[in-house]
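# Structural characterization, general
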Amino acid sequence: MADTQVPAQVAAPSLIPAVVVALPQATVPERDRLPKEGDEIVTDSGKRYKLGPVLGDGGYGTVFLSQDDGVRIAVKTEKFSKSQLKIEILVLKAAMQANCKHFCELIDCGTKSKEFDYMMISLLAKDLHKIRCEMPDRKFTMNTALRVGLETLKACEELHRIGFVSRDIKPGNFAPGVKANRQSRTIFMFDFGLARRYIDKNNNVIPTRKEVGWRGTTRYGSINAHKKLDLGRRDDLESWFYGLVEMTRGTLSWRNVVERQHVQRAKEASRTSGRVQFLFETPSQFDKILTLIDSYSFESAPDYKAIHKLLVEAREERNLRDREHWDWEEETVSTTITTITSFSDKELRAKADQSK
Ligand SMILES: Nc1ncnc2c1ncn2[C@@H]1O[C@H](COP(=O)(O)OP(=O)(O)OP(=O)(O)O)[C@@H](O)[C@H]1O
């Protein structure tokens, strides 16, 4: 109702400076205003993206469903003054240049002056944390857990290959692609808000800055993160490993521990007296993977191949076959053939229907 203020101005025009009267309120950008469902973003190239239902909320913004030439996509927006999208865009551009397989395509990006930053990226299904929590016993079958382990390890390797560390590796930052893009068996890494370059222009590892602040998520942070040390590739892999154990077992020894310091102690114990409990009912290869990761220093280039080989070995020991369905695909039960649809695909269709 912008018009409601006009009568006062009309009644006493001589009291109001001309510049104020002439300036329509709608043209003044409201600092850090986020868009909402139904709004349209017009990019610098003039392309228009209508924002559909909200897919998720982040710390500084909102992710929306949208469309690009009839293809469903995601639009991530973040408040102008808080935005971490610049680093995310840097990572996604580098990933596209290097033909990485485990990152969203960056379709478009830009800034709505003083209000918000935005980027248009390929659509993903529900993240691995949410999918796991919907599984019986809150864990994946061994077949899916190990395949997810292989896919997410590849994603970490790709990120490191293009010169970045995530510093926030966790199941909630990985998601399968959508069936419509034929990507439901590829796991994508997303959310690079805490990412950082770890190599300089000459491909040398940037020396550790020793103590820095806390980075990441308490449950999955490496022991170095607890010690507030600079984080490198090995720390991403330590976090990856915690996620892998959780997806395989359905729990982590420190799941119900709240205090960050106590979580650190539980992680330290998981290398000594608590190791058996930590790795309970996981493949014997997990113990070897943990030993390998723990042997790396800040500068080490991890041996991704060796970890990959151990995961493959765990699969072979159990005769697990690639042809079997993944936990988020609907099973083909006896003679009743159901369509293989990811949960998220269904939900997205429902969301899109609701907004029609
Ligand atoms: N490409 C995508 N496709 C579908 N949903 C997405 C996509 N990217 C993000 N989302 C959804 O939006 C949520 C928030 O996204 P993201 O984690 O990137 O934001 P964030 O602000 O960094 O979040 P946080 O504060 O949790 O770190 C995700 O949990 C996910 O549900």
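Residues numbered from 1 in each chain as written. Predicted model: local features only at pLDDT ≥ 70, side-chain atom pairs only at ≥ 80, totals over all residues.

### Concerning the UniProt feature "domain: Protein kinase" (unreviewed entry) in the chain
So the rule is basically this: UniProt positions are given in the numbering used here, feature names are shortened, and annotations may be inferred rather than shown by experiment. Elements are defined by DSSP. Helices are runs of H or I of four residues or more, strands are runs of E of two residues or more, and each kind is numbered from the N terminus.
Here the UniProt feature "domain: Protein kinase" (unreviewed entry) sits at residues 49–311. Segment residues 49–311 splits into 35% helix and 18% strand. End C-alpha atoms: 42 Å apart.

### Remarks on the UniProt feature "binding site: ATP" (unreviewed entry) in the chain
Inclusion rule: Each residue is classified by how many other C-beta atoms fall within 10 Å of its C-beta atom, where C-beta atoms are placed from the backbone; a count of 20 or more means buried, 12 or fewer means exposed, and values in between mean partly exposed. Here, residue contact means that the backbone-derived C-beta atoms of the two residues sit within 7 Å.
Taking the UniProt record as the reference, the feature "binding site: ATP" (unreviewed entry) is found at Lys 76. Secondary-structure assignment places Lys 76 in strand E5 (residues 71–79). We classify Lys 76 as buried; it has 25 C-beta atoms within 10 Å. Dropping the residues within four chain positions of it, Lys 76 is found in contact with Gly 61, Val 63, Leu 85, Tyr 118, Met 119 and Ile 121.

### A short note on the domain arrangement of the chain
For clarity, the cut-off: Each domain's extent is set by a domain assignment, obtained either automatically or from a database. Here the nonpolar group is Ala, Val, Leu, Ile, Met, Phe, Trp, Tyr, Cys and Pro; Asp, Glu, Lys and Arg are the charged ones; every other residue, Gly included, is treated as polar.
Under the domain assignment used here, the chain contains domain 1 (40–122) and domain 2 (128–317). Centre-to-centre, using C-alpha coordinates, domain 1 lies 26 Å away from domain 2. Between domain 1 and domain 2, the residue contacts involve 14 residues of the former and 17 residues of the latter. Among the elements that take part in the side of domain 1 that touches domain 2, helix H3 (residues 85–97) stands out by supplying five residues, more than any other. Of the residues belonging to the side of domain 1 that touches domain 2, the class tally is eight nonpolar, three polar and three charged.

### Describing unusual backbone geometry
With glycine set apart, most residues show a phi of negative sign, and most peptide bonds adopt trans. The phi angle at Glu 281 is positive, at roughly 60°, despite the residue not being glycine. Within the secondary structure, Glu 281 sits in the loop between helix H9 (275–278) and helix H10 (284–294). Positive phi, normally seen in glycine, also occurs at Asn 319, with a value near 55°.

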